[in-house]
Amino acid sequence: MENRRPVSLSQAVRQNSNQGSAWLRWTLGISLSSCVILLAGLALGQGLRTFPKIANLLATQLSSFNDVSYGLFIVILLFSAGLLAKAAWECSRPKPTLDCVLAARSMVTWTQRHPVSATLLMTYSVIIVANSSWFYKEIVTWFDDIQASQLLDNFSLRLSLINEVRGRNDFRFFPLSHQDLHILSWFTPFPKVWGIASSAELVITVLAGIKIMKKLRHWKTVAGITLITTLTYLFTTSTAYNYFQFIYSERILTLCLALFSLCYLHYQRTRHDNIALTTLLFALFGCFTKDTGILLFAIPAIATLLLGSFGLHETYPHWRKTSKLEWMHAYRLELSILCLVLVFAAAFTWMSYIPGILAGDQRYDASLRFTVFEPDLRWLILMAYTLTRGVQITNHRDQACLLDTLNLGAITYSVVLFALIGFRSSSYMSLPIQWIATLDIVFIWCALVTPKLGSNWSRQNITLLGAGLSAGIIAVDHISPSNFYNQARDMHLTQRSWQATIQEALRLSRRNKEDGQEVNFIFSKSWFKHSEYLRSLPFDRLVYMDPDTRETRVIAGINKGQLYQPKRGDLFLNIDSGKKLVKYDINLDSFDLVYEFTPTISNGKIYRHR
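Fair warning: this is a prediction, and the values are worked out from it, not measured in the lab.

So, about the overall build of the protein. Helix and strand counts for the protein come out as 25 helices and eight strands. Expected size for 610 residues packed as a compact globule is a radius of gyration near 25 Å; at 27 Å, the protein falls within 12% of this value. Along the first, second and third principal axes, the C-alpha atoms of the protein reach 90 × 70 × 50 Å. Accessible surface, the protein: about 28,500 Å² in total, of which carbon and sulfur atoms supply 63%. Of the charged side chains in the protein, 59 are positive and 42 negative, and the gap between their average positions amounts to 8 Å.

It is the contact of helix α19 (residues 377-394) with helix α22 (residues 459-478), at a shortest axis distance of 9 Å, that shows an interaxial angle of 125°. Our classification of the angle between α19 and α22 gives oblique. Contacts between α19 and α22 involve Leu377, Arg378 and Ile381 on the former and, on the latter, Ile473, Ile474, Val476 and Asp477.

What follows covers the pattern of salt bridges. Enumeration over the complete set of coordinates arrives at 18 salt bridges. In this structure, Asp180 and Arg251 form a salt bridge, with 2.8 Å as the shortest nitrogen-oxygen distance. Separated by 71 residues along the polypeptide, Asp180 in helix α10 (residues 179-187) and Arg251 in helix α14 (residues 250-270) bring together distant segments of the chain. Exposure remark for Asp180: the relative accessible area of 18% places this residue in the buried category. Of the charged contacts in the structure, one is a salt bridge between Asp404 and Arg389, with a shortest N-O distance of 2.7 Å. Here the residue Asp404 occupies a position in helix α20 (residues 402-421), and Arg389 occupies one in helix α19, the gap between them amounting to 15 residues. Note on accessibility: Asp404 and Arg389 belong to one class, buried. Salt bridges sharing common partners tie together Asp180, Glu201 and Arg251.

The next thing to look at is the nonpolar core. Counting residues in hydrophobic clusters, the biggest one holds 136 residues, and the most contacted among them are Met213, Phe288, Phe297, Trp435, Phe521 and Phe528. Looking at this core element by element, the count peaks at twelve residues for helix α21 (residues 431-453). Sequence-distant contacts of Phe288, defined by excluding residues within four places in its chain, comprise Phe73, Leu77, Phe173, Phe174, Pro175, Leu176, Ser177, Val343, Phe344 and Ala347. Core analysis: the second largest hydrophobic core is formed by eleven residues, Ile522, Tyr564, Leu588 and Tyr607 among them.

Turning our eyes to something else, we now look at the side chain of Asn131. Summarising the element assignment, Asn131 is placed in the loop between α6 (115-130) and α7 (139-142). Of note is the side chain of Asn131, whose polar atom sits 2.8 Å from the backbone oxygen of Ile127.

Inspection of the entire model under this criterion finds 33 aromatic pairs. Taking 6.0 Å as the distance between ring centres and 80° as the angle between the ring planes, the aromatic pair formed by Tyr241 and Tyr248 counts as edge-to-face. For the pair formed by Tyr241 and Tyr248, the shared burial category is buried. Three or more aromatic residues link up through ring pairs in this structure, and these residues are Phe73, Phe173, Phe288, Phe344 and Phe348. Across the ring face of Tyr316, the terminal group of Arg271 is positioned such that the distance to the ring centre comes to 4.1 Å.

Now for a nonpolar patch on the surface. There is a patch of nonpolar side chains on the surface, built from Ile302, Leu306, Phe310, Trp319 and Leu338 and spanning about 460 Å² of accessible area. Structurally, Ile302 can be placed in helix α16 (residues 294-309).

A separate point is the pairing of strand β6 (residues 571-574). Where burial is concerned, the two faces of β6 agree: the one with Leu571 and Leu573 and the one with Phe572 and Asn574 are both buried. Inspection of the sheet shows strand β3 (residues 520-524) paired to β6 by two bridges, in the parallel sense. Considered in β6, the bridge of Phe521 is made with Leu571. Across four bridges, β6 lies against strand β8 (residues 605-609) in antiparallel orientation. Looking at β8, one finds that Leu571 is bridged to Arg608.

Calculation rules
Residues numbered from 1 in each chain as written. Predicted model: local features only at pLDDT ≥ 70, side-chain atom pairs only at ≥ 80, totals over all residues. Heavy atoms only, no water. Helix = DSSP H or I, 4+ residues; strand = E, 2+ residues; numbered from the N terminus. Rg over C-alpha atoms; globule rule 2.2 N^0.38 Å. Areas by Shrake-Rupley, 256 points an atom, 1.4 Å probe, with all protein chains shown as cover. Lys, Arg positive; Asp, Glu negative; His and termini not counted. Charge placed at Lys NZ, Arg CZ, Asp CG, Glu CD. Axes fitted to C-alpha atoms, helices over the stretch in contact; angles between N-to-C directions. Parallel < 35°, antiparallel > 145°, perpendicular 65-115°, else oblique. Contact = heavy atoms within 4.5 Å. Salt bridge = Lys/Arg side-chain N within 4 Å of Asp/Glu carboxyl O. Buried < 20%, exposed > 50% of the residue type's maximum accessible area, 1.4 Å probe, protein only. Core = buried A, V, L, I, M, F, W, Y, C linked by side-chain atoms within 4.5 Å. Polar contact = N/O pair within 3.5 Å; in protein donor to acceptor, adjacent residues only side chain to side chain. Phe/Tyr/Trp six-rings, centres within 6.5 Å; stacked < 30°, edge-to-face > 60°. Lys NZ or Arg CZ within 6 Å of the ring centre and 35° of its normal. Patch = residues over 30% accessible without salt bridge, like charges linked within 9 Å, V, L, I, M, F, W, Y side chains within 5 Å. Pairing = 2+ DSSP bridges.

By themselves, these figures tell us nothing about what the structure is for.
As structure tokens, this is what we get:
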């Protein structure tokens, strides 16, 4: 069989004794160091809780503490990643090479074999790029410095992005979140190029899933795998959230998970150390992109270790049939991932737990704990498949594989989300769960559906049936108000309305200036409060109507800092405020509507004081 090693485990241990010993020493050393750092952090945290006066005194240095801890983390992370990459390269036999011509030919061949899937991915990518813009929530303020420097100062550190992860002292922990955008912004300030990068991440994630399913059970010749995977993953609300704009890190988490899973499967088949180190490298980056992301890498490893040790995994030996050294050699990757859990815990303690105590803040969104649980059809399929497989494995009718352990990780991930902030299958947070559920749907198709079709069905008809079943799942999703179409449309309208409203404000201000009139812009509750977009408009005064203090004050222009009374001809901008104007009881009775992007949405309007 493909998944059997060409040599016995004892022979592999003897052949790789030096490497195995070095690996185990490295794992043990990192584990002990992490435990010491973790215990020291917990002891310090308990001391700060016990002696609040000391915590209050140290709180004055919180910003410096954050700077040092985050800087050390980045240095250690990059150093560790470099060591892993170097070790993987040294273990490679033969050395990997990049043949651009061969890669291009492979892409052309794949496109010819799967024209529908290729067309879907290319069309999807074009839409992503076409809709990429600055005009979406946090992006407006994260990259304000690019706008302020006339697009000439992009190759620099973005403090706004660093502070988004470094300055969070509410027990949240995602130190690598958004840093893909940070790096991209160094090389290009244009969001269309970022859209190309986002499209590439999507394509790689889909292709990794296809590759996994074809290798999992000798299903390379099963019809419909490529099209079902592509259709089922592309058209989910989570996919629309993550790939049609940039502010969520789940797409990077899912990309790391997909590459981790592909390498993990390859390692289980070959047992090559360079593949194991590459697998660990993807887990290292993936677990720090999201505070709950560690579960998607740790749970599969723990499940593999336990199932294999009791003889329930297809590629791992029973612990009774091996010596202690052989067992540790067989599970060296899983033990290393467990070591990574200790690294994560130590980093969380010093970068989130202690700063949270010093800041005295409550946990972010603590009020949402156990409040919402909204599964969809895909999540139910994942659960049903996992339970069915659990019965088969425990009754020794089949052995566990990579997908079974990924499912346990996905279920744990969803349960923890529910415990922390509630769980919605349509949320951007559920993207990695949707990717794993897609693999389950394809597995069911290959293992249960296609074998029953018999030889009377042609390959083309089988593929069409698979596409129809995928379309049925998408149709069920469409019943929900928060479906893929509505989410993609809302984001498209939001971005267009923001851009069009700013352009209209620019046109009105220029016309008023040409007529010799004052231009005073008034706005309230908006992402643009600290943005250079509004300050780049020609105006005499930029006025903020504070919904909390009920004060109307000039924040830029003539009489900056003074209270202001709106007068005839002043323009009120509702670029993105929308329903917040009603929520905060902003009175616009003395204003007339002079511009409206579309009546179907609550934002994208300009009013003139009469």
